[in-house]
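Single-letter residue listing:
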Amino acid sequence: MAAPPPMRALLPMLIVAALACAGLIYFAVGQIALAAGFAAALIAVAALGYWFTQLFPKEVLDLDAIPDWTVARAAADASSMAIAVTDRSGRLVCASDLFGEWFPGFPTPPGLPLDPTDAERLTAAGRAAWSDGEGKASGIGRGALRLDADVARTGRSEDYLLWRFTPVRQVSVLDDFNRMLTGEAGRQLTEAGVMAVMIGGEGRVRAANGAFLLRAAGRIDANITGRDFASYLRIDEKGRVFFAREERSALPIRLLQVPLRRGDVEGPMLILMLDEQGGSMDGTSALSYIETLLSLLPFGLAMADRDGRVLFLNNAFSRAVGLEPGEKPTYPGDLVVREDQAAVADSVRRFAVGPQMSGDIAVRMRVQPDEPVALSLAGVRGLGEAAVLLSLKDNSEESKLKRQVAQATKMQAIGQLAGGVAHDFNNILTAIIGHCDLMLMRHTPGDSDYDDIQQIKSNSNRAAGLTRQLLAFSRQQTLRPQVLQLPDIVADVSNLLNRLLGEKVKLSVSHGRNLGAVRADPGQLEQVIVNLAVNARDAMPQGGVVNIQTYAVPAAKVRDMRHEVLPVSDYTALRVSDTGVGIAPDLLSKIFEPFFTTKDVGKGTGLGLSTVYGIVKQSGGFIFAESEPGQGASFVIYLPVYASVGKTPAPEKTRSADKRSEVWGTGTILLVEDEDMVRTVAERALTRQGYTVLTASDGELGLEMLATTTASGGHIDLLISDVVMPNMDGPTMVTQARQTHPTLPVLFMSGYAEEQLRKSIDIANVNFLPKPFSVSQLAEAARDTLVAYAPAKKTQEVAPSV
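Keep in mind it's a predicted model, so treat the numbers as computed, not measured.

With that settled, consider the overall build of the chain. The number of helices and strands found in the chain is 24 helices and 28 strands. Burial statistics for the chain: of 802 residues in total, 41% are counted as buried. Taking as baseline every contact in the chain between residues at least 6 positions apart, the subset at least 24 positions apart corresponds to 59%. Total accessible area on the chain stands at roughly 43900 Å², and carbon and sulfur atoms take up 54% of it.

Here it is, written out as structure tokens:
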């Protein structure tokens, strides 16, 4: 069917037809106006149709004829081939993502970046598709990319070309063997005990079955692709081939080489390996596999023959018995103490013969003769020479942690005991010191008893110092922490240390950089440094050097230390070391215990290091001792870096001593104390200062006394109470008293530390007086409490009588 003529040719034809029709109408009707009007109308309709076709072409009007390239692209991406569509002008109108990956930039076929010959073949396939409807070009490409191209004419008007590119599958013997070794065939070879590996011409592993992976790499799921095949083998002096990782009790292997390309002995190759005795029935091949598996286990295992000789032991077993790397004992009895050797030998012989059975025996290893361990034995059969399997758990880390927990528990128990003893002792010392003060008030210097009383008081104060050391060890000492720098504390105490160390001992001080501030009591830190330095001096009777170092320990370094006790954080460290005789290992775990000393009788109390331990612990730090006999000792203190939130708190100012006249006053004081001797001394002391004193022996009686006094119209100006009392303690009594007397001033006194009690005393506006105290200290504390919490009713100053 011929194509219709274009619109430009139809217009003249319509004009001629209109004139002809007008002539016929004029001939039939005889009216020229009618004929001319008909012709003009016909020409106007034709012109209107022409204008409409120009304004709305066929491509716009025929919407169904417009291809939806988004759908076509989605369909192309769903296939496994690269697809492209071009129009008659050679323009690329659609292409799949795979086409863009193979040909970056989406070039238009047939102008793809191909080899010149392949480009001509692809162009010819395109021409054949326009003329015949389809064309082909096989094996085109560039480099390693080889493709088959199919070109077909398509579209409603067959005005597009569809280009389809599919990769050429190249059959490779390497791929076949790769699939064989990693598939079912490889598993069957593994079950048969045949090790198979495929290597390339360069000698690197391409694929291997599980049997080879287990023997060569120790894991059946190991990935060794691309590794050097020769690195997994070793050759002994006799030319026998072994696996490199099997250095003890290993079996030689036999290699069978199969070239994968005919006539190419230097190309890729399949290598089959068998144990030299793999075909025998004595189980030696199975034994080698068992040894490989046992070497990977985390607990200690060893094997012995029927005569008791050790055939194999893994690394965990060697660590547990304290063997050096590569060391192998002849018999299991060589690992235990002499008393247990006969029992081990008898057990091995008993489990090696007869029916298979298992059991445990308690033995003591040479490396740890004081800690019995359980040695498990089990008879094995069918593994060649191996007859007995021995297992021993490597519990060195577990034992270390147990010792640390036991040491911490012991130190905590001793601390609680020391704190309780110090509390009771403080009550006794309070009574002794108080009575001494009262007696001194009745005597003057020069009296016959004055010096004796003064000596009693001096010895009591020395005893009070011992109780403070006990409280420091038990972490119950009252501290006044400040934010400070360790180098400043060391500098303040250096002059004192030079005098204490003497002429034979040299003091060496060094400081690190970027030290973080710490929060601690400066006075207590000075005591720590002095105690450590004095101990170092005593460890060097012939003289030596005491080194004091400060340095920063960031959290990253603490993490690398992998310390079981020290948490990961930023620390500032203080190290005090000496060049003395050192500390014996059996004494190292006891040095921080109170009253433990290595000095002669009468030359030490044994509280120096225990005080250091308590101060460091109460300051939130850690202390460790390191020593080798004959090489000196080092004490390292780790104090956490203070994370300042606001301004650094200013150090507290020391209050100047008050005048004696200021401790006199008037008013009524309720004194609640369960210890009769302390209550008597405190009552007499306060009465002598001008106060009216009411007493009670416990909290319940104190509340009754307070209620009775109030009911009778009296007034209690100050409540002084012990903290720990039977029936009702001091804080409970004060809490109930504040319900009826909310402004009542309170002064607590106790043999425990203030910080320890503040955690359990949540009461506002109270003062604290630690025991033991003197008469003047009690009077000053009472006055300060009245002035601070009862400003509207200050004590009246009364001049002391002469």
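After that view, the rundown keeps rolling.
Let's shift gears to the sheet that holds strand S21 (residues 571-578). If you walk across this open sheet you meet the 5 strands as S18-S20-S21-S23-S22, and the pairing is mixed. The open sheet has two edge strands, strand S18 (505-511) and strand S22 (622-627), and neither has a second partner. This sheet shows a mean twist of 15° between the axes of neighbouring strands, independent of strand direction. Taken together, the 6 bridges between S22 and strand S23 (residues 633-640) define a ladder with antiparallel strand orientation. Looking at the pairing, Ala625 lines up with Phe635 of S23.

With that out of the way, let us pick up unusual backbone geometry. For the peptide bond that leads from Pro109 to Pro110, omega is 5°, which places it in the cis range. Along the chain, the position of Pro110 falls in the loop between helix H5 (97-102) and helix H6 (116-132). With a phi angle near 50°, Phe106 is a residue other than glycine that sits in the positive phi range. Structurally, Phe106 can be placed in the loop between H5 and H6. The residue Glu158 is not glycine, and still its phi comes out positive at about 55°. Examined against the element boundaries, Glu158 turns out to sit in the loop between strand S4 (145-154) and strand S5 (160-167). Using a relative accessible area of 37% as the deciding quantity, one classes Glu158 as partly exposed.

Attention shifts here to the packing of helix H20 (residues 676-688) against helix H24 (residues 775-789). At a minimum axis distance of 10 Å, the contact between H20 and H24 shows a crossing angle of 65°. By the angle class used here, H20 and H24 are roughly perpendicular. Considering only the axes of H20 and H24, their crossing is right-handed. Between H20 and H24, the contacting residues are Ala682, Ala685 and Leu686 on the first element and Val775, Leu778 and Ala782 on the second. Classifying every residue of the contact of H20 with H24 by side-chain character gives 6 nonpolar, no polar and no charged.

Taken in spatial order, the 5 strands of this open sheet run S25-S24-S26-S27-S28, and their pairing is parallel. Either end of the sheet is taken by a strand with one partner, and the two such strands are strand S25 (692-696) and strand S28 (766-770). Geometrically, the sheet is characterised by an average inter-axis angle of 20° between neighbouring strands, direction not taken into account. Bridge analysis of strand S24 (residues 668-672) against S25 gives 5 bridges, and the strand direction is parallel. The residue of S25 that forms the bridge with Val672 is Ala696.

A separate point is the pattern of salt bridges. Following the criterion strictly, the structure yields 14 salt bridges and no others. With a shortest N-O distance of 3.1 Å, Arg219 and Asp221 are connected by a salt bridge. Between Arg783 and Asp784 there is a salt bridge, with the nearest N and O atoms lying 2.6 Å from each other. The exposure class of Arg783 is buried, given its relative accessible area of 7%.

Here the focus is the side chain of Ser634. For Ser634, the location among the structural elements is in strand S23. We classify Ser634 as buried; its relative accessible area is 14%. Look past the residues within four positions of Ser634 in its chain and what remains in contact with it is Arg575, Val576, Ser577, Phe624, Ala625 and Glu626.

As a further point, take the side chain of Asp717. By the element assignment, Asp717 lies in the loop between helix H21 (699-711) and strand S26 (718-722). At 2.7 Å, the side chain of Asp717 and the backbone nitrogen of Thr668 are in polar contact. A polar atom in the side chain of Asp717 sits 3.5 Å from the side chain of His715.

A word on the nonpolar core. Counting 37 residues, the largest nonpolar core has Val546 and Ile548 as its most contacted members. Of all the elements in the fold, those that place two or more residues in this core are helix H15 (486-501), S18, strand S19 (518-520), helix H16 (522-538), strand S20 (544-553), S21, helix H19 (608-618) and S23. Here the element with the most residues in this core is H16; it accounts for 8 residues. Excluding residues within four positions of it along the chain, Ile548 makes contact with Val490, Leu497, Leu507, Ser508, Val509, Ser510, Ile529, Leu574, Arg575 and Val576. Among the nonpolar cores identified, the runner-up in size contains 24 residues, and Ala320, Phe351, Ile361 and Val363 belong to it.

As a further point, take the packing of H15 against H16. When two helices pack together, you describe them by how their axes are tilted relative to each other and by the distance separating the axes. For the pair H15 and H16, the least separation of the axes is 9 Å and the interaxial angle reads 40°. The orientation of H15 with respect to H16, classified from their angle, is oblique. In this structure, the crossing between H15 and H16 has a hand that is right-handed. Contacts from Leu486, Ile489, Val490, Asp492, Val493, Leu496, Leu497, Leu500 and Leu501 of H15 reach H16 at Pro522, Leu525, Glu526, Ile529, Val530, Ala533, Val534 and Arg537. Classifying every residue of the contact of H15 with H16 by side-chain character gives 14 nonpolar, no polar and 3 charged.

As a further point, take the environment of His741. Tracing the chain through its elements places His741 in the loop between helix H22 (730-740) and strand S27 (746-750). Sequence separation of His741 and Thr710 is 31 residues, and the distance between their C-alpha atoms is 9.8 Å. Beyond its immediate stretch of four places on either side in the chain, His741 contacts Leu706 and Thr710.

Thresholds applied
- Residues numbered from 1 in each chain as written.
- Predicted model: local features only at pLDDT ≥ 70, side-chain atom pairs only at ≥ 80, totals over all residues.
- Heavy atoms only, no water.
- Helix = DSSP H or I, 4+ residues; strand = E, 2+ residues; numbered from the N terminus.
- Buried < 20%, exposed > 50% of the residue type's maximum accessible area, 1.4 Å probe, protein only.
- Contact = heavy atoms within 4.5 Å.
- Areas by Shrake-Rupley, 256 points an atom, 1.4 Å probe, with all protein chains shown as cover.
- Pairing = 2+ DSSP bridges.
- Axes fitted to C-alpha atoms, helices over the stretch in contact; angles between N-to-C directions.
- Parallel < 35°, antiparallel > 145°, perpendicular 65-115°, else oblique.
- Left-handed = near helix turned anticlockwise from the far one by under 90°.
- Nonpolar A, V, L, I, M, F, W, Y, C, P; charged D, E, K, R; others polar.
- Salt bridge = Lys/Arg side-chain N within 4 Å of Asp/Glu carboxyl O.
- Polar contact = N/O pair within 3.5 Å; in protein donor to acceptor, adjacent residues only side chain to side chain.
- Core = buried A, V, L, I, M, F, W, Y, C linked by side-chain atoms within 4.5 Å.

Everything listed is a geometric property; what it means functionally is a separate question.
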